[in-house]
Each structure stands twice: as structure tokens, then as C-alpha cells.
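Fold and geometry: a report
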Amino acid sequence: MARILAIDYGGKRCGIAVTDESQIIASGLTTVDTKDLLSWIKDYVSKEAVELFVVGEPKRLHGEASESEKLIKPFLEKLSKELPDIPIKRIDERFTSKIAFDTMIAGGISKKKRRNKALVDQISATIILQDYLYNQ
């Protein structure tokens, strides 16, 4: 089996998480500057087998798309053109940042480290991926 790669897409940086090859465990991998994301993904898939991209879909409380969706759609179009053999699934990402922050507190991560937005993005990507694995 190949890995599943999840992306918590943001205006400045994107959290990345991946599964193990058996697609059982979701782990935070890194955070990438948004401007470098496509080249980072292309490099990653040249080294690791990836069978699916799972990308967070930001929504408002009542289910309508948030403003950041306008940034994500053009990226997804580029991604599907560059890597057409790897499908893309969208997962509702409402509350993932809050869940990530709460997870950091529960895990005993210090206040200073909890201010690290890159870590929050990486944990958010992991939550998106875990949600996908749980609901597939």
C-alpha cells in the first residue's frame, strides 16, 4: 500500500501529515511555506508512494465555504494538473485548530511551544487525516 498525505492549507503555511504504508496511523510530518507547497509535494511523491491527498475543507458553522476556500481551489487545480494520478479528497476541517490546541494542552506542551503556529498546523493536518481514516 501507499501512504495518504493530508494537507491543512493556510495562507502562509501548510501543515502536512501522512499515514504509515499500511494506512493505519496518521502522523504529523512537517509544515511547509504555502508558496513552496507544490514543489515540496512533488519532491515528496518522487521519494514516497502516495495514493491519495486529503485536503481540509474550511467551512463556517452553518456549512458554507469560508473565505480561505478561494485560496485552496486554485492550488488544488494546480495539484491535480501536476499529479493527475493521485486523487484528492476533501474533509471538513471545522474546529481542527481548536482541537489541535486542546490536544497540545492535554499533552502537556508548554505555553511557549503552543504559540508555535506551525506546530498547530501540523497537528491540524494530523487531525484531518485521522478523521478521514476513521470515516472511510
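Quick caveat, the model's predicted, so the values are computed rather than measured.

The rules behind each value
Residues numbered from 1 in each chain as written. Predicted model: local features only at pLDDT ≥ 70, side-chain atom pairs only at ≥ 80, totals over all residues. Heavy atoms only, no water. Helix = DSSP H or I, 4+ residues; strand = E, 2+ residues; numbered from the N terminus. Buried < 20%, exposed > 50% of the residue type's maximum accessible area, 1.4 Å probe, protein only. Contact = heavy atoms within 4.5 Å. Areas by Shrake-Rupley, 256 points an atom, 1.4 Å probe, with all protein chains shown as cover. Salt bridge = Lys/Arg side-chain N within 4 Å of Asp/Glu carboxyl O. Pairing = 2+ DSSP bridges. Axes fitted to C-alpha atoms, helices over the stretch in contact; angles between N-to-C directions. Polar contact = N/O pair within 3.5 Å; in protein donor to acceptor, adjacent residues only side chain to side chain. Phe/Tyr/Trp six-rings, centres within 6.5 Å; stacked < 30°, edge-to-face > 60°. Core = buried A, V, L, I, M, F, W, Y, C linked by side-chain atoms within 4.5 Å.

Counting its secondary structure elements, the protein contains five helices and five strands. Residue burial in the protein is summarised as follows: out of 136 residues, 42% are buried. If you take every contact in the protein between residues at least 6 apart in sequence, the share linking residues at least 24 apart comes to 61%. In the structure as shown, the protein presents an accessible area of about 7,900 Å², 52% of it carried by carbon and sulfur atoms.

On to the pattern of salt bridges, then. Counted according to the given criterion, the structure contains eight salt bridges. Put simply, arginine 3 and glutamate 48 hold a salt bridge, and the shortest N to O gap is 3.0 Å. Of the two residues, arginine 3 sits in strand E1 (residues 3-8) while glutamate 48 sits in the loop between helix H1 (37-47) and strand E4 (50-57), which places them 45 residues apart along the sequence. Among the residues examined, arginine 3 registers a relative accessible area of 17% and is labelled buried. With relative accessibility at 26%, the residue glutamate 48 sits in the partly exposed group. The partner of glutamate 69 in a salt bridge is arginine 90, and the shortest N-O contact between them spans 2.8 Å. Taken as a pair, glutamate 69 in helix H2 (residues 69-82) and arginine 90 in strand E5 (residues 88-92) lie far apart in primary sequence, 21 residues in all. Looking at glutamate 69, the relative accessible area reads 7%, which means it is buried. Its relative accessible area of 25% is what places arginine 90 among the partly exposed residues. The network of salt bridges with common partners includes Arg3, Glu21 and Glu48.

Here we take up the sheet that holds E1. On the basis of which strands lie adjacent, the open sheet formed by five strands has the order E3-E2-E1-E4-E5 and mixed pairing. Looking at which strands have only one partner, the edges of the open sheet turn out to be strand E3 (26-33) and E5. On average, each strand axis in the sheet is inclined to that of its neighbour by 25°, with strand direction left out of account. In terms of strand pairing, strand E2 (residues 13-19) meets E3 through seven bridges, oriented antiparallel. Residue threonine 19 lies in a different strand from E3, and its bridge partner there is alanine 26. Of the strands in this sheet, E1, E2, E3, E4 and E5 are in contact with helix H5 (residues 117-135), which crosses E2 at around 40°.

All right, on to the side chain of threonine 19 then. On the secondary structure map, threonine 19 appears in strand E2. A polar contact of 2.9 Å, which involves the side chain of threonine 19, links it to the backbone nitrogen of isoleucine 4. Beyond its immediate chain neighbours, meaning those up to four positions away, threonine 19 contacts Arg3, Ile4, Ile25, Ala26, Leu129 and Leu133.

Think of a pair of aromatic rings as described by two things: how far the centres are apart, and how the planes are tilted against each other in angle. In this structure the tally under the stated criterion is two aromatic pairs. Here tyrosine 9 and phenylalanine 75 contribute two aromatic rings whose centre-to-centre distance is 5.2 Å and whose plane-to-plane angle is 35°, an arrangement assigned as tilted. In this pair, tyrosine 9 is assigned in the loop between E1 and E2 and phenylalanine 75 in helix H2, connecting sequence segments 66 residues apart. No difference in accessibility class separates tyrosine 9 from phenylalanine 75, as the two residues are buried.

All right, on to the nonpolar core then. As a rule of thumb, nonpolar side chains are buried together in soluble globular proteins. In this structure, Leu5, Ile7, Leu37, Ile41, Phe53, Phe75 and Leu79 are the most contacted members of the largest nonpolar core, which totals 21 residues. At five residues, H1 tops the list of elements feeding residues into this core. Contact partners of leucine 5, with chain neighbours within four places excluded, come to Ile16, Ala17, Val18, Trp40, Tyr44, Val50, Leu52, Phe53 and Val54. Listed in part, the 12 residues of the second largest apolar core include Ile4, Ala26, Leu52 and Val54.

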